[in-house]
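So you can see what is in the structure, the chains are spelled out below.
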Amino acid sequence: MATTLTHHRNYIDGEWVVAASGETFDSTSPADGEHIGTFPRSGAEDVDRAVAAAKAAFDEWRLVPAPKRGEILFRFAQLLVEQKDALADLMTHEMGKVKAEAGGDVQEAIDMSYYMGGEGRRLFGQTTPSELRDKFQMSVRMPIGVIGAITPWNFPIAIPSWKIAPALVAGNTVVFKPATDTPALGQRFVELLVEAGVPKGVVNIVHGGGGAVGERLVRHPDVRVISLTGSRETGVKVLHAAADSLKHVHLELGGKNAVIVMEDADLDLAVDGIIWSAFGTSGQRCTAASRVIAHESVYDALASRLVARAESLRLGVGWDDATDVGPVINRAALEKIHSYTQIGIDEGATLLTGGEIATEGDLAKGFYYRPTIFGDVDPQMRIAQEEIFGPVLSLIRARDEADAIRISNGVRYGLSSSIFTRDVNRAFRAMRDLEAGITYINAGTIGAEVHLPFGGVKETGNGHREAGQAALDVFTEWKSVYVDYSGMLQRAQIDT
Ligand code: UN1
């Protein structure tokens, strides 16, 4: 594998440095066990240095005109375009997703960087009339300070861009902790930002685990915002830990996304959408479809077609063009996913296909799970309630539209949702009634675009959104400015 990595280090205050402790950890491929690189196992001291550098750099960076900050993001996007193939190749090795999807991951970062680069000439506020004569007023977006970006391994280039691009264009500085499963991709991301011209101290990367690096970042009083994409469990811990310093916390957590298939649906289209949403990225997207809620009149036909399609998917390494489904991220994930197969069986669901770790030939070198479908699933079963984050799909019967919506909503999460129907009235009711941050009509649950808000309701998050204009609310604070040009004391209407 051709890796272009030059330093396997932290980047703090413009220098590539080892961890203060000198300790390291390894990144290995989930596809075949290949050694990808050795990275600093950082601790509190490294985080403190990075935060101090980011805090110092903020003084100057916040004064760089926003269009200039945006231009750096345009250059970054261009570098991503040039490096797209190499990054996608590295991603197939370090994280496992198939090459086309890895290219899509990079593309999402390209789109986000261009979009947020353009914000450098917008960052719109409001002007309003005043109650008083000779008085002008407006609201402006202000940068907040040091942002801690804690990102997952499943979109190792895209998700860092979702956080870091809006943070930078708004004038903040960043300490970035990538997932320990994808440090090489996190490192490449920062190398390209540096090449694009981000000044020293403005972006810093600190490698290491959530317990040491993440925890310190979340508790550090000089970090004003934490943006985390991760599990619900981690989200709760982060909220607690951030409370003492009253940090802003943006959380993007789990999902238990459902595709509803009504009796009037185009079944061919529904099958395509479900297979892609359930087994793309080996089911490891927070938007992945893990439930299908089918009207009872189409349930059997849908189930047999989904099983046939799932069985035709080829497992393998992501860099092989013939592969449909790559490995899952690590052994712990493989074991967790497999444990849910037993849970489903014990709960009385019918295992229709899959349900096993794939070990034939070279697959034994990596962490491969056969695309799995359970039928006869009751909506209250654990396999229909808990996020499995793997290629496991539960099929649930619904009596009618209201029943389907109720089942779709009957989980703690609310990220993505979908309905296949040809009835426009039904589609509009679903848009209104599905409790989710994202609703697709006649498409699966994955594939969100960067210029609309991304995020979920209920326990998927805490009310914030990434992407689109909405992301700017996470990385800026509003300031209202009143300018009185009357030359005399004018009391506001409330004071007269
Ligand atoms: C995620 O899995 O955290 O909508 C994000 C999608 C992608 C993003 C998924 N744009 O599938």
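Residues numbered from 1 in each chain as written. Predicted model: local features only at pLDDT ≥ 70, side-chain atom pairs only at ≥ 80, totals over all residues. Heavy atoms only, no water.

Draft legend 1. How the structure looks around the site of the ligand. Taken together, the neighbourhood of the ligand is formed by E108, N154, F155, I159, W162, R285, C286, T287, I446, G447, A448 and F454. With respect to the ligand, the backbone of C286 contributes an N or O atom lying 2.8 Å from an oxygen atom. In terms of residue class, the shell around the ligand is made up of seven nonpolar, three polar and two charged. Residues from two domains meet in the shell around the ligand; each of domain 1 (10–253 + 461–480) and domain 2 (257–441) gives at least three. (Near = heavy atom within 4 Å. Polar contact = N/O pair within 3.5 Å; in protein donor to acceptor, adjacent residues only side chain to side chain. Nonpolar A, V, L, I, M, F, W, Y, C, P; charged D, E, K, R; others polar. Domains from an automatic or database assignment.)

Draft legend 2. Structural view of the side chain of R69. Examined against the element boundaries, R69 turns out to sit in helix α2 (residues 66–94). Among buried Asp, Glu, Lys and Arg side chains, R69 stands out as unpaired, with E60 the closest opposite charge at 9.0 Å. A polar contact is formed between the side chain of R69 and the backbone oxygen of V169, at a distance of 2.9 Å. Once residues lying within four places of it in the same chain are set aside, the contact partners of R69 are W61, R62, V64, L123, L168, V169, A170 and G171. (Helix = DSSP H or I, 4+ residues; strand = E, 2+ residues; numbered from the N terminus. Buried < 20%, exposed > 50% of the residue type's maximum accessible area, 1.4 Å probe, protein only. Lys, Arg positive; Asp, Glu negative; His and termini not counted. Salt bridge = Lys/Arg side-chain N within 4 Å of Asp/Glu carboxyl O. Contact = heavy atoms within 4.5 Å.)

Draft legend 3. Structural view of the pairing of strand β17 (residues 372–375). Residue alternation in β17 divides its side chains into two sets, T372 and F374 and I373 and G375, and both sets are buried. The pairing of strand β14 (residues 350–353) with β17 spans three bridges and is antiparallel. Paired with T353 across the bridge in β17 is I373. (Pairing = 2+ DSSP bridges.)

Draft legend 4. Inspection of the domain arrangement of the protein chain at higher detail. Domain boundaries in the protein chain define domain 1 (10–253 + 461–480) and domain 2 (257–441). Taking the mean C-alpha position of each, domain 1 and domain 2 sit 31 Å from one another. Surface buried jointly by domain 1 and domain 2 totals about 2000 Å² across both partners, of which 62% is contributed by carbon and sulfur atoms. Across the domain 1-domain 2 interface, the total number found is one salt bridge. (Buried area = accessible area lost by both parts, 1.4 Å probe.)

Draft legend 5. Up close: helix α10 (residues 331–347). End to end, α10 covers 24 Å across 17 residues, agreeing with the expected 24 Å (1.5 Å per residue, within 8%). Buried residues of α10: A333, L334, I337, Y340, T341, I343 and G344, and no others. For α10, the side-chain oxygen to backbone nitrogen distance between the N-cap and A332 is 3.3 Å, and the N-cap itself is N330. A positive backbone phi angle near 100 degrees is found at G348, which sits one or two residues after α10. (Expected span 1.5 Å × (residues − 1).)

Draft legend 6. Fine view of the sheet that holds strand β21 (residues 438–441). Spatially, seven strands are ordered β14-β17-β18-β13-β12-β20-β21 in an open sheet, and the strand pairing comes out mixed. Each having just a single partner strand, β14 and β21 make up the two edges of the open sheet. Each adjacent strand pair in this sheet contributes to an overall mean axis angle of 25 degrees, direction not counted. Along the sheet, helix α9 (residues 296–312) makes contact with β12 (257–261), β13 (289–295), β14, β17 and β18 (392–398), crossing β13 at roughly 145 degrees. In this fold α10 packs onto β14, β17 and β18, with an angle of close to 20 degrees to the strand it touches most, β17. (Axes fitted to C-alpha atoms, helices over the stretch in contact; angles between N-to-C directions.)

Draft legend 7. Local environment of the nonpolar core. In this structure, L80, M116, I164, L168, V174, V203 and I383 are the most contacted members of the largest nonpolar core, which totals 96 residues. For this core, the element with the highest residue contribution is α2, accounting for ten residues. There are two domains that each give this core at least three residues, and those are domain 1 (10–253 + 461–480) and domain 2 (257–441). If you look at the next biggest cluster of nonpolar residues, it comprises 31 residues, including I274, A294, V298 and L302. (Core = buried A, V, L, I, M, F, W, Y, C linked by side-chain atoms within 4.5 Å.)

Draft legend 8. How the structure looks around the sheet that holds strand β6 (residues 135–143). One open sheet holds the three strands; their spatial order is β5-β6-β23, and the pairing between them is antiparallel. Two strands lie at the open edges of the sheet, namely β5 (126–128) and β23 (476–484), each paired on one side alone. Taken pair by pair, the neighbouring strands of this sheet meet at an average axis angle of 20 degrees, ignoring direction. Looking at chain direction, β5 and β6 are connected through three bridges and run antiparallel. Bridge pairing links T127 to M138 in β6.

Draft legend 9. View of helix α5 (residues 183–196). For α5, spanning 14 residues, the distance from its first C-alpha to its last is 20 Å, which sits close to the expected 20 Å at 1.5 Å a residue. Every buried residue belonging to α5 is among P183, A184, L185, G186, Q187, R188, F189, V190, E191, L192, L193 and A196, and all of these are buried. Looking one or two residues past α5, G197 carries a phi angle of roughly 115 degrees, positive in sign.

Draft legend 10. Here's a closer look at unusual backbone geometry. For D134, which is not glycine, the phi dihedral falls at a positive 50 degrees. Looking at the element boundaries, D134 is found in the loop between β5 and β6. Residue classification places D134 among the partly exposed positions, given a relative accessible area of 39%. One non-glycine residue, D376, adopts positive backbone phi at about 55 degrees. Considering the arrangement of structural elements, one finds D376 in the loop between β17 and β18.

Draft legend 11. Summary view of the environment of R285. Relative to the assigned elements, R285 resides in the loop between α8 (267–279) and β13. In contact with R285, not counting residues within four places along its chain, are E101, N154, F155, W276, F389, I446 and G447. Only 2.8 Å separates the side chain of R285 from the side chain of T281, close enough to count as a polar contact.

Draft legend 12. Geometry of the pairing of strand β3 (residues 24–28). On β3, burial follows the alternation: F25 and S27 on one face are buried, whereas T24, D26 and T28 on the facing-out side are not. Bridge analysis of β3 against strand β4 (residues 35–40) gives five bridges, and the strand direction is antiparallel. Note on β4: the bridge partner recorded for S27 is G37. The antiparallel hairpin formed by β3 and β4 contains six residues in its connecting segment, where G33 sits at a positive phi of about 80 degrees.

Draft legend 13. Just the pattern of salt bridges, in detail. Enumeration over the complete set of coordinates arrives at 34 salt bridges. It is possible to trace a salt-bridge network through shared partners that takes in E263, D264, E401, R426 and R429.

Draft legend 14. Representation of the packing of aromatic side chains in the model. Evaluation of the coordinates by the stated rule reveals seven aromatic pairs. Both rings, one in F25 and one in F39, keep their centres 6.1 Å apart while their planes meet at 35 degrees; by these two values the pair is tilted. Highlighted residues: F25 in strand β3 and F39 in strand β4, separated in sequence by 14 residues. Of the residues examined, F25 reaches a relative accessible area of 8% and is grouped as buried. A relative accessible area of 0% places F39 in the buried class. Summarising the aromatic geometry, the rings of F76 and F189 are spaced 5.0 Å apart at their centres and angled 75 degrees between planes, so their arrangement reads as edge-to-face. On the criterion of sequence distance, the pair formed by F76 in helix α2 and F189 in helix α5 is long-range, its members being 113 residues apart. As far as burial versus exposure is concerned, F76 and F189 are alike and both buried. (Phe/Tyr/Trp six-rings, centres within 6.5 Å; stacked < 30°, edge-to-face > 60°.)

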